[in-house]
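Chain residues, written in single-letter form:
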Amino acid sequence: MKLPAINLDLLRSIPLVQKVGLLLMVLAAIIVGFYYYVAEPKSAEIAGLQGAIGTLDTEIQTLTIKVKHLDELIAASKQLEIELAKKKERLPPEEEAVMLLKQVSDLGIRLGLDIKLWKPSAKSEDPSKLFVRMPVNVEVSGGYHTASPKFEKGRIVTQTVFDLVAYAAPEETKLAAVVPATPQKK
C-alpha cells in the first residue's frame, strides 16, 4: 500500500514571518505542555521526597545519639538491677513479715503491755511493685515513766495508739490476713 503524497506547495506559499511565528507558537505549546504535564508534577514529587528525606535524616540523628548512649544505658541498667537485687534480699517475704508482727505482739505481752487493739489493715502493694506494706493499728497501755501517765493497780500506766507497718517483698500468692496475737488480760 502506498502512502498519499503530502502537498507542500501550501507551505511554500506562506510568508517567512508567518512560518517563524507558527514555529514559535508550536514550540511554546510544546514547552508549556512539558512544564504542566511533566516538570511541575515531578517538582512537586521531588519536594515531597525532600521533606521525607529531612524527616528520615532527623530520625537517623536521633537514633544515632541514642545508639551512642546505649552502652551507657545498658551498664546503668545492669548496675540498677544489681542494686535492686541487693535491696530485695533485705526485704523479708510476706510470711516472715507476718511472723515478725506476731513476735512484736508476743514480746509486748511478755513485757507487760496490755494490748487493747491489734487490728491489721489491708496490705497494699507499692505502685513500683517492689514491696508490700502491711499496716497494723495498735493500742497498748503499760508502765512508762513519761507521757501523761495514770496511776492504776499500784503502778504508773500510760496508754498510746499508733500504726505499725511491716514491709515485705511481694509474693505471687496471696497470704491470709495478719493474725493478731491473743492479748493476755491480767
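Bear in mind the structure is a predicted one, so any value in this text is a computation, not a measurement.

Analysis parameters
- Residues numbered from 1 in each chain as written.
- Predicted model: local features only at pLDDT ≥ 70, side-chain atom pairs only at ≥ 80, totals over all residues.
- Heavy atoms only, no water.
- Pairing = 2+ DSSP bridges.
- Helix = DSSP H or I, 4+ residues; strand = E, 2+ residues; numbered from the N terminus.
- Phe/Tyr/Trp six-rings, centres within 6.5 Å; stacked < 30°, edge-to-face > 60°.
- Buried < 20%, exposed > 50% of the residue type's maximum accessible area, 1.4 Å probe, protein only.
- Expected span 1.5 Å × (residues − 1).
- Bend = angle between axes of the 7 residues up to and from the residue.
- pLDDT = per-residue confidence, 0-100.
- Contact = heavy atoms within 4.5 Å.

Asks: Help me out: how do you make sense of the pairing of strand E5 (residues 155-168) in this one?
Replies: Where a strand is regular, its side chains alternate between the two sheet faces. Here 11 bridges tie strand E3 (residues 132-142) to E5, and the two strands are oriented antiparallel to one another. From the neighbouring strand, Asn137 faces E5, where its bridge partner is Asp163. Alignment of strand E4 (residues 150-152) against E5, held across 3 bridges, turns out to be antiparallel. Bridge pairing in E5 links Phe151 to Ile156. Hairpin remark: E4 followed by E5, antiparallel, with 2 residues in the connecting loop; positive phi at Lys153, about 50°.

Asks: Hey, could you run me through the packing of aromatic side chains in this one?
Replies: Applying the stated criterion to the full structure yields 2 aromatic pairs. A centroid spacing of 5.3 Å and a plane angle of 80° characterise the contact between Tyr35 and Tyr36, whose relative ring orientation is edge-to-face. Taking relative accessible area as the criterion, Tyr35 reaches 44% and is therefore assigned partly exposed. Relative to Tyr167, the ring of Phe131 lies with its centre 5.6 Å away and its plane at 70°, an arrangement referred to as edge-to-face. Here Phe131, found in the loop between strand E2 (124-125) and E3, pairs with Tyr167, found in strand E5; they are 36 residues apart in sequence, far enough to count as distant. What makes Phe131 partly exposed here is its relative accessible area of 21%.

Asks: Even after reading the chapter, I still don't get unusual backbone geometry, so can you show me in this structure?
Replies: Most peptide bonds adopt trans geometry, and most residues besides glycine take a negative phi value. Phi at Lys129 takes a positive value of approximately 65°, unusual for a residue other than glycine. Along the chain, the position of Lys129 falls in the loop between E2 and E3. By relative accessible area, which is 54% here, Lys129 ends up exposed.

Asks: Explanation requested: helix H2 (residues 16-90) in the structure shown.
Replies: Side chains that are three or four residues apart share a direction in an α-helix, a result of its 3.6 residues per turn. The end-to-end C-alpha distance of H2 is 105 Å, a good match for the 111 Å that 75 residues give at a rise of 1.5 Å each. Roughly 45° is the biggest bend found in H2, and it falls at His69.

Asks: How should the confidence of the model for the chain be read in this particular structure?
Replies: Caution applies to low-pLDDT regions: their predicted coordinates should not be interpreted in detail. Overall, the prediction assigns the chain a mean pLDDT of 83, with 89% of residues at 70 or greater. For the chain, the element scoring lowest by mean pLDDT is E4, at 72; H2 scores highest, at 92. Note on residues 173-186: pLDDT under 50 across the span, and 22 contacts to partners over four residues away in sequence or across chains.

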